[in-house]
Amino acid sequence: MPIDTCCGPDEETKFPSLNSTWTTRAREELGETPFLVESSLTALKSEISSTNLSDDFFLRFLRARKFNVRKALELLNKYRDMKKHSPSLFRVSPVIDMQFVLEMDIQTALPIDETFGRQIYIYRVANLDPYRVPVDYVFRSNMLWFETLIRQEETQIGGIIVILDMAGVRFAHARFLTPHLAKRTVEVVQEVFPMRFKSFHVIHEPFYFSTILSMLKPFLKDKIRSRIFTHGSNMKSLQKHIPSQFLPKEYGGEANISLSNSHWRQHILKNAQYYETLEQKISEETDFVRNDRRKESCV
């Protein structure tokens, strides 16, 4: 799994380049070519102030916006603002603070199968202890997972599918479903995080989930709204969107995949310095737009 080096070559291992399957998918889905990557990076960096963030870091924003430099720049600035002005929800370091949340096995990510081409991210409400986990930690732990997954070039290219498993939801979980958090969640998906969110699948949802969804809908763009599906306990319905060979047996699938996040948890904890360095560098950025460009836009 290729992983970017966004904070400098000395801070993490450089993984092998993408194979031909992924380079083909990048070309077909994003229009990506070596020339487009190079020219877009040059164009993007010409629009921003001096920065010590790497090309690998900027590339995830270009891929998220299919190499539209203007849109990638807007995304960069919204991402910076998110990190800088709302740390109670968006700060992911120090990782050790969220170790106990990771150990609950609430979230996990399945191995990416290149024939399917999407990262599957699973959130299991039943594993969330509402009496031990602060509300902001639920949000921050999801951001930690997104920051982890987006380091993979395959995820940048193929995007992510979210499965929200609401089996075991209790009344005590209601405090995690506030309008404020709902609105911020929508902002992450639509406006501020460099991830291609391909679809959202809710399973084992309670009868009142339609009310929660109606609370979100005013904030959702048509494209995202059309990508939300509810399935109840009907795993055949889920398999219309995700073939059974890529789903674990717990969801009626054929794949012999563990839902334990132990491998990912070890990876996250081992790379704790990466997240701290990333946020330190982001905090040092006053604005990604160059001063002369900002003045031009005001003329």
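Look up: the structure comes first, before these words.
About the thresholds
Residues numbered from 1 in each chain as written. Predicted model: local features only at pLDDT ≥ 70, side-chain atom pairs only at ≥ 80, totals over all residues. Heavy atoms only, no water. Helix = DSSP H or I, 4+ residues; strand = E, 2+ residues; numbered from the N terminus. Buried < 20%, exposed > 50% of the residue type's maximum accessible area, 1.4 Å probe, protein only. Areas by Shrake-Rupley, 256 points an atom, 1.4 Å probe, with all protein chains shown as cover. Pairing = 2+ DSSP bridges. Axes fitted to C-alpha atoms, helices over the stretch in contact; angles between N-to-C directions. Salt bridge = Lys/Arg side-chain N within 4 Å of Asp/Glu carboxyl O. Core = buried A, V, L, I, M, F, W, Y, C linked by side-chain atoms within 4.5 Å. Polar contact = N/O pair within 3.5 Å; in protein donor to acceptor, adjacent residues only side chain to side chain. Contact = heavy atoms within 4.5 Å. Phe/Tyr/Trp six-rings, centres within 6.5 Å; stacked < 30°, edge-to-face > 60°. Parallel < 35°, antiparallel > 145°, perpendicular 65-115°, else oblique. Nonpolar A, V, L, I, M, F, W, Y, C, P; charged D, E, K, R; others polar.

The helix and strand tally for the protein chain stands at 15 helices and 5 strands. Of all 299 residues assigned to the protein chain, the portion counted as buried reaches 53%. When the accessible surface of the protein chain is split by element, carbon and sulfur atoms take 53% of a total near 13,900 Å².

Let's shift gears to the sheet that holds strand E5 (residues 228-232). Spatially, 5 strands are ordered E1-E2-E3-E4-E5 in an open sheet, and the strand pairing comes out mixed. Either end of the sheet is taken by a strand with one partner, and the two such strands are strand E1 (107-109) and E5. If you compare each strand with its neighbour and ignore which way they point, the axes differ by 20° on average. Where strand E2 (residues 119-124) meets strand E3 (residues 160-165), 6 bridges bridge the pair, whose relative direction is parallel. Within E3, the position partnered with Gln119 by the bridge is Ile160.

Okay, the pattern of salt bridges next. Following the criterion strictly, the structure yields 17 salt bridges and no others. Where Glu147 meets Lys83, a salt bridge forms, and the shortest distance between an N and an O atom there is 3.0 Å. With Glu147 in helix H7 (residues 135-149) and Lys83 in helix H4 (residues 69-85), this residue pair connects regions lying 64 residues apart in the sequence. Accessibility expressed as a relative area gives 9% for Lys83, which makes it buried. Lys83 is paired through a salt bridge with Glu279; the nearest N and O atoms lie 2.9 Å apart. Taken together, the positions of Lys83 in helix H4 and Glu279 in helix H14 (residues 272-284) put the pair 196 residues apart, joining distant regions of the chain. For Glu279, a relative accessible area of 5% corresponds to the buried category. Among the ionic contacts, a cluster of salt bridges with common partners joins Arg60, Lys83, Arg91, Glu147 and Glu279.

Another point: the nonpolar core. Counting residues in hydrophobic clusters, the biggest one holds 75 residues, and the most contacted among them are Phe57, Met143, Phe146, Val188 and Phe193. When residues of this core are assigned to their parent elements, the largest contribution, 8 residues, is made by H7. Counting 14 residues, the second-largest nonpolar core is a separate cluster that includes Ile120, Ile203, Met235 and Leu238.

Turning our attention to the side chain of Ser199. By the element assignment, Ser199 lies in strand E4 (residues 197-203). A relative accessible area of 9% means that Ser199 is categorised as buried. Reaching out from Ser199, the side chain makes a polar contact with the side chain of His201 at a distance of 3.0 Å. Sequence-distant contacts of Ser199, defined by excluding residues within four places in its chain, comprise Ile160, Ile161, Val162, Arg227 and Phe229.

The subject of this paragraph is the environment of Met98. Position of Met98 among the secondary structure elements: in the loop between helix H5 (87-90) and helix H6 (99-102). The sequence separation of Met98 and Arg140 amounts to 42 residues, and the corresponding C-alpha distance is 8.4 Å. Contact partners of Met98, with chain neighbours within four places excluded, come to Arg91, Val92, Tyr137, Arg140, Ser141 and Leu144.

Our next topic: the packing of aromatic side chains. On inspection of all chains with the given rule, the structure shows 16 aromatic pairs. Ring geometry for Phe100 and Tyr137: centres 6.0 Å apart, planes at 45°, overall tilted. With Phe100 in helix H6 and Tyr137 in helix H7, the pair connects residues that are 37 residues apart, well separated along the chain. On the accessibility criterion, Phe100 (24% relative accessible area) is partly exposed.

A cis amide bond links Ser93 with the next residue in sequence, Pro94, at an omega value of 0°. Mapped onto the fold, Pro94 is located in the loop between H5 and H6. Within the chain, Lys66 stands out as a residue other than glycine whose phi angle is a positive 50°. Considering the arrangement of structural elements, one finds Lys66 in the loop between helix H3 (55-64) and H4. With phi around 55°, His204 is a residue other than glycine that occupies positive phi space. Position of His204 among the secondary structure elements: in the loop between E4 and helix H10 (209-216).

Before going further, it helps to spend a moment on the packing of H7 against helix H9 (residues 179-192). Orientation of H7 relative to H9, taken along the N-to-C sense of each, is 10°, at an axis distance of 12 Å. It follows from the interaxial angle that H7 and H9 lie roughly parallel. Residue-level inspection shows Val135, Phe139, Met143 and Phe146 of H7 in contact with H9, the latter providing Leu181, Arg184, Thr185 and Val188. Here the residues of the contact of H7 with H9 sort into 6 nonpolar, 1 polar and 1 charged.

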